[in-house]
Amino acid sequence: GRSFSPKPQARPDSARMCSKMARPVVLGSCVLALLGRSGQAACPADLDPYSAEPNPFGWPVTPAEFGYDQPECWAAKYERCGGERQSPMDLNFHLSGPDCAPRVAGTVGDLAARANYKILAGRPAMSVSKYMRGISMMTGSSIGSLKLQDANGMPVEYEAVDAVLTAGGLHKVDSFIADAELLIFHQPKNSTDAFASRVVLSVPFRKSESGAGSELFEQMGLSGGAMPESGVWRAPKSVDLQAATQAALEGQSFAYSGSMPMPPCIENIRYILLTTKQPVSAAQLSSLEGVLSKYAGGTRKRPLVSRALAGGGCRAVDEDSVQVPAVDTSCASPSNSSSACWAATCGVSPLDLAPARADKSKAAQDAADMIGYRPTSNVTVSPSMFSLDAAGDFGALLVNGRLFQATKLSLKAVSQHTFNGTRYAAELVVEHILFGDSFPGGAAAVRGAATQGAAHGATTPAATVDAGHGTTTPAPHDAAVDVAASHGDSTDAAVADGSHHRRLEQEENVVAAPTVTTAAPTVTHAEAAAPTVTQAGHVVHRVMLSIPLKLGRESALLRSLGLGDKGHQGAIRD
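Now for a look at the structure at hand. (Residues numbered from 1 in each chain as written. Predicted model: local features only at pLDDT ≥ 70, side-chain atom pairs only at ≥ 80, totals over all residues. Heavy atoms only, no water.)

### Considerations on the sheet that holds strand β13 (residues 176–177)
Pairing is mixed in the open sheet, where 4 strands are placed in the order β13-β12-β4-β21. Two strands lie at the open edges of the sheet, namely β13 and β21 (305–306), each paired on one side alone. Here strand β4 (residues 89–91) pairs with strand β12 (residues 172–173) via 2 bridges, running parallel. Residue Leu91 lies in a different strand from β12, and its bridge partner there is Val173. (Pairing = 2+ DSSP bridges. Helix = DSSP H or I, 4+ residues; strand = E, 2+ residues; numbered from the N terminus.)

Right under this line is the structure:
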């Protein structure tokens, strides 16, 4: 009895939604398969969007809708793969033009005293990564640290979260391509946001002419003996990362700002490429290549991109640098598909929801007195550019004595907000519209109070709810959703301590007591100065309720929308 029309005119059938909406909701990984699809399928078209493989870049899910045999297709699905700061790069030092010569920024060997990697004691687990096409040593905890400097020269510590050994080098450094490459992945210490800047340290290996082998390869079980029986095995002995990198850390290095070398190709990576080659025997290389060919699908990588810029000059390369520049988040070219280009209309959302920054001075109200959701039928589920949307009548939310109708559910893979610094696997947003705003003439006409309606048209909505996760508009689904509801009288983009978080109105116990503003909020950002104005000329006031979703067991709500059912998923997608 459910309708799965490609256009959201009908109303979706949904499971009952309880009032405890602020708790992270658990969903199965199969649900993410449809959330990751946005419009036309990538090339090839028969791949699942996500895999359950742990992600070395900190993403809550791992993209999988791409193939290494067709890297030219990546940008069709993952737009950032067509950017100008992509990786891996050919560090060609023979080009001429601005920034083509490496900039000497430090002293040879400076990194040796800044790196402190652990011994992975006992028999640590080795696992083949199809995503990286390498062997991962991820333990789920820190495997060391690297102390560097930020763009202002201030000390910053990065913790190592994974080390991946891959056959064949990703990069070319002054005409040299390694026979194998060890990549150590770092994130800012105590950071859980996948979009924060990352540092990748690269150690090159070259086949030894004397036959000398690598102690690291031997420790990992890659000595040219029997092939592991599966893509996961226990190393025969402890793995000493510090010993494996020490000689290379004492030598020359080159650093540049680039991207993840596979989709989604986000350009937030600082690469530090060590140049002192470590020896590895032919038998050890053969063992590594054999394991990856059998369990990772091969050893082929993304082709090298050129240092030369389209407009002339070269991408900057720093020699012996310990500094990590700020990530360039500029909009390279106008595009609705890139969030870097939305600043003009989406400058105040999304944000990080941090309890420590919440304003707890306002009176709290029991969520049970506000939320009136109900089971419903006649649901229409359809994909938009950034989310999966379900349109219907899901009940209502009472805010400051005013009724907001729940008219749409939107699901987005990889949460747009962060919750206390953590970015979740997905996010559910419930969209509410002030009762009457959808009628001809708007709510003012329904209430018969034109003056009151005009007052609302001159400011932001009189009622906004934080509900523990901010009153905000998600990444735009369409022009009509680009609305503004501020956080009361403190909507500064940067709080007084300079941390650049918008101030939240409450957070302490979001399930039992979401806080409600009691007066029309003051807006300090021009882009958030008014609610949506329809073509008919009346104002539409919206409240968005955001719920983070984490990987785990299957969600009954999402299954009721057709996710997890192959037949329904195909109907929604088509």
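Moving on, there is more to tell.
### Section: the state of the cysteines
One pass over the structure, following the stated rule, counts 2 disulfides. A disulfide bridge connects Cys81 with Cys265, and the sulfur atoms are separated by 2.0 Å. Here Cys81 and Cys265 share a disulfide; its torsion about the S-S bond, 75 degrees, makes the bridge right-handed. Residue Cys81 is found in the loop between α2 (74–77) and β4, and its partner Cys265 is found in the loop between β18 (253–258) and β19 (269–274); the two are separated by 184 residues along the sequence. (Disulfide = S-S within 2.5 Å.)

### Structural notes on the pairing of strand β26 (residues 388–391)
Here β26 shows a buried face lined by Leu388 and Ala390 and a second buried face lined by Asp389 and Ala391. Both strand β25 (residues 380–383) and β26 contribute to a ladder of 4 bridges, which runs antiparallel. Along β26, the bridge assignment pairs Ser382 with Asp389. Turn length for the β25-β26 hairpin, with the two strands adjacent in sequence and antiparallel, is 4 residues. Relative to strand β28 (residues 402–413), β26 runs antiparallel, the two sharing 4 bridges. Looking across to β28, one finds that Asp389 is bridged to Ser410. (Buried < 20%, exposed > 50% of the residue type's maximum accessible area, 1.4 Å probe, protein only.)

### Details of unusual backbone geometry
Cis geometry marks the peptide bond from Ser87 to Pro88, where omega comes out at 0 degrees. Inspection of the secondary structure assignment puts Pro88 in the loop between α2 and β4. Here the amide bond leading from Pro263 into Pro264 is cis, since omega sits at 10 degrees, within 30 degrees of zero. Turning to its location among the elements, Pro264 is positioned in the loop between β18 and β19. The backbone phi angle of Asn378 is positive, close to 60 degrees, even though this residue is not glycine. Assignment of secondary structure puts Asn378 in the loop between β24 (371–373) and β25. For Asn378, a relative accessible area of 48% corresponds to the partly exposed category.

### Observations regarding helix α5 (residues 282–295)
Taking 1.5 Å per residue, 14 residues should reach 20 Å; α5 reaches 20 Å between its end C-alpha atoms and fits that length. All buried positions along α5 are accounted for by Gln284, Leu285, Ser287, Leu288, Val291, Leu292 and Tyr295. The buried residues of α5 all sit within an arc of 160 degrees when viewed along its axis, so they share a single face. Gly297 lies just past α5 and shows a positive phi near 90 degrees. (Expected span 1.5 Å × (residues − 1). Arc of directions from axis to C-beta.)

### Brief notes about the pairing of strand β30 (residues 426–434)
Most of β30 sits out of view: 9 of its 9 residues are buried. Side chains Ala426, Leu428, Val430, His432 and Leu434 project from β30 onto one buried face, and the interleaved Glu427, Val429, Glu431 and Ile433 project onto a second face that is buried too. With 9 bridges connecting them, β28 and β30 associate as antiparallel partners. Counted as the bridge partner of Leu409 is Val430 from β30.

### Comments concerning the nonpolar core
Within the largest apolar cluster, 47 residues are counted, with the highest numbers of intra-cluster contacts made by Ile135 and Leu182. Apart from the residues within four sequence positions on either side, Ile135 is in contact with Met126, Ser127, Val128, Ala163, Val164, Leu165, Met220, Leu222, Trp233, Leu288, Val291 and Leu292. Within the second largest apolar cluster, 32 residues are counted, among which are Leu170, Met260, Val414 and Ala425. (Core = buried A, V, L, I, M, F, W, Y, C linked by side-chain atoms within 4.5 Å. Contact = heavy atoms within 4.5 Å.)

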